[in-house]
Amino acid sequence: MLHDVAVLALQGAHAFELGVFCEVFGIDRSDDALPAYDFALVSATGDSVPTRHGFEVRARHGLERLASADLICVPAYDLNVRQPDHLTEELRAAVERGARILSICTGAFLLGEAGLLDERRCTTHWRYSDELARRHPRARVESDVLYVDEDPVITGAGTAAGVDTCLHLIRKEHGSAVANAVARRMVTPPHRDGGQHQYRQRPLPREGTGSLAPVLAWVEANLDQDLTVDAMACRAHLSPRTFARRFRQETGTTPLQWLTGQRVLLAQHHLETTDDPVTAIAHRTGFGTVDNLRHHFARHLGTTPQAYRRAFRALPTSRQSAPLTVSQGPRSTD
C-alpha cells in the first residue's frame, strides 16, 4: 500500500501542479477515515527553490529523503531551466528499488532524461507531446489521454489532468470509495470522460489554402447538406482523383477527414453556445442522426456530445450573475 510520498520541488516548477501533489497527498484526512501519508517536499538544490511564478518555496528535505518514498511526484517545470544531473540518477535508483514515479505535464521530460520512458507508453500536455517524442524517441507518447499508467511510471497530462492522475492512483491503491471521498473533499469529479482532444485548440486549414479556398468556404457554409467528395470536386471543376490529390497537398488531410472534422467543430460550437437538442444539432451539422453524431464525436474527441456540453456549455448571463451560496463548514481542513 501507498504510505510514503515525496514531492520534488523543482527549479522553475509550476505552482498549480506542485500544489496538486500537496493537496492530494499532503493533507491529513484521517478524520474522514481516509489514508494519511508520510509526506515530504524535497529539493535537489537547497531549501529555497524558485518557482516559475516569481516566488520561492522552502523544502525541509534534501534528496536523501527519496530513499524511503513509495511514490515520488514530479511536477511541471519550465523546460528552459536545467535540473541537476544527479536528480535523474536518483529517479532511476528509486524505480530500481521498487518505488513509483508520477509526473504531471512537463514533469515527463525529467522522466525521459532519466530513461524511464524508454519503451513505455506515456503522456504530457498536448502542447508538448511532439517535443517529448522528439527528445525521447524511444518513448511511446500518447497525446490524447489524460494519464497513462505504465506501473511503476505514471504520467499525467497538463494541469487539471494532474488531479485525474493522482485520483487514479488512489483508486488503484485504496479503491473507488476512497478515491471518491477524496474527490468530494477536493470538490472535483472523481473521474472525467474523454481525453485531451476536447481541450485542444480547434484545427484550422493550412495557411494559404490556394485554389481550394472557395470550395472550403462553400463546404463550411453548407455542412448540413449531403456533401460528397464528388460534389466538392465538381464545385472545384476537378475530377475526384485530382481533387483528392490537391486537397491533401493544400490541407494536409483527405476531403472526408476534413469534412468530418469541420462537422465535429460545428457540433462543438452548437453544444457550447445553444440549448438545442442533440437531435437538432445532428441534423444541422450534417450527421443526420444522433447515433452518427455520437460515433464521430467519440472518435474525434473521446467523449459524448452530452458530456462535452456539460463540460463546456457557458452559463446564461442570468446565472453567471447569480450569487453563490456556500455551506459554512470547518475552515481548517480541505
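The structure contained in this document is the topic of the report that follows. Fair warning: this is a prediction, and the values are worked out from it, not measured in the lab.

1. Focus on the sheet that holds strand β10 (residues 153-156)
Overall, mixed pairing links the 6 strands, which are arranged β2-β1-β5-β6-β10-β9 in an open sheet. Two strands in the sheet have a free side with no partner beyond their single neighbour: β2 (38-43) and β9 (147-150). Between one strand axis and the next, the sheet turns through 15° on average, direction left out of account. Contacting β1 (4-9), β2, β5 (71-74) and β6 (100-104), helix α1 (residues 15-25) crosses the sheet at an angle of about 165° to β1.

2. Considerations on the pairing of β1
Most of β1 sits inside the fold, with 6 of its 6 residues counted as buried. Looking at chain direction, β1 and β2 are connected through 6 bridges and run parallel. Paired with Leu8 across the two strands is Val42, which belongs to β2. With α1 bridging β1 and the parallel β2, this β-α-β connection has right-handed handedness. One ladder, built from 3 bridges, connects β1 with β5; its direction is parallel. Residue pairing for β5: Val5 is matched across the bridge by Leu71.

3. Observations regarding unusual backbone geometry
The amide bond that connects Asp151 to the next residue, Pro152, takes the cis arrangement and shows omega of 15°. Mapping Pro152 onto the fold places it in the loop between β9 and β10. Unlike most non-glycine residues, Cys105 shows phi in positive territory, near 55°. Position of Cys105 among the secondary structure elements: in the loop between β6 and α3 (107-113). Residue class for Cys105 comes out buried when judged on its relative accessible area of 4%. Not every positive phi belongs to a glycine, and His237 is a case in point at roughly 60°. Mapping His237 onto the fold places it in the loop between α8 (229-235) and α9 (240-251).

4. Regarding the packing of aromatic side chains
Taken as a whole, this structure holds 4 aromatic pairs when the rule is applied. Aromatic side chains Phe243 and Phe247 sit 5.5 Å apart centroid to centroid with 55° between the ring planes, which places their arrangement in the tilted category. With Phe243 and Phe247 both in helix α9, this residue pair falls 4 residues apart, about one helical turn. Taken individually, Phe243 and Phe247 each receive the classification buried, so the pair is uniform in this respect. Judged by centre distance (5.5 Å) and plane angle (80°), the rings of Phe297 and Tyr308 are edge-to-face.

5. Observations regarding the pairing of β6
The buried fraction of β6 amounts to 5 of the 5 residues, a majority that puts the element mostly inside the structure. Of the two faces of β6, the one holding Arg100, Leu102 and Ile104 and the one holding Ile101 and Ser103 are both buried throughout. Taken together, the 4 bridges between β5 and β6 define a ladder with parallel strand orientation. Looking across to β6, one finds that Leu71 is bridged to Arg100. Between the parallel elements β5 and β6, the chain passes through helix α2 (residues 85-96) in a crossover that is right-handed.

6. Notes on the nonpolar core
Core analysis: the biggest nonpolar cluster contains 33 residues, and Val5, Phe21, Phe25, Leu71, Leu102 and Ile170 have the highest contact counts within it. Counting only elements with at least two residues in this core, the list comes to β1, α1, β5, β6, α5 (161-174) and α6 (176-186). Ranked by the residues each element gives to this core, the list is headed by α6, at 6 residues. If we skip the residues at most four places from it in the chain, Ile170 touches Val24, Phe25, Tyr37, Gly175, Val178, Ala179 and Val182. In this structure, Leu10, Ala99, Phe109 and Leu116 belong to the second largest nonpolar core, which totals 29 residues.

7. Description of the packing of α9 against helix α10 (residues 255-273)
Working note: a packed helix pair is described by the angle between its axes plus the distance between those axes. Contact geometry of α9 with α10 gives a least axis separation of 9 Å together with a crossing angle of 60°. Put simply, α9 runs oblique to α10. Contacts from Phe243, Ala244, Phe247 and Arg248 of α9 reach α10 at Pro255, Gln257 and Trp258.

What counts and how
Residues numbered from 1 in each chain as written. Predicted model: local features only at pLDDT ≥ 70, side-chain atom pairs only at ≥ 80, totals over all residues. Heavy atoms only, no water. Pairing = 2+ DSSP bridges. Helix = DSSP H or I, 4+ residues; strand = E, 2+ residues; numbered from the N terminus. Axes fitted to C-alpha atoms, helices over the stretch in contact; angles between N-to-C directions. Contact = heavy atoms within 4.5 Å. Buried < 20%, exposed > 50% of the residue type's maximum accessible area, 1.4 Å probe, protein only. Right-handed = clockwise from strand over helix to strand, strands pointing away. Phe/Tyr/Trp six-rings, centres within 6.5 Å; stacked < 30°, edge-to-face > 60°. Core = buried A, V, L, I, M, F, W, Y, C linked by side-chain atoms within 4.5 Å. Parallel < 35°, antiparallel > 145°, perpendicular 65-115°, else oblique.

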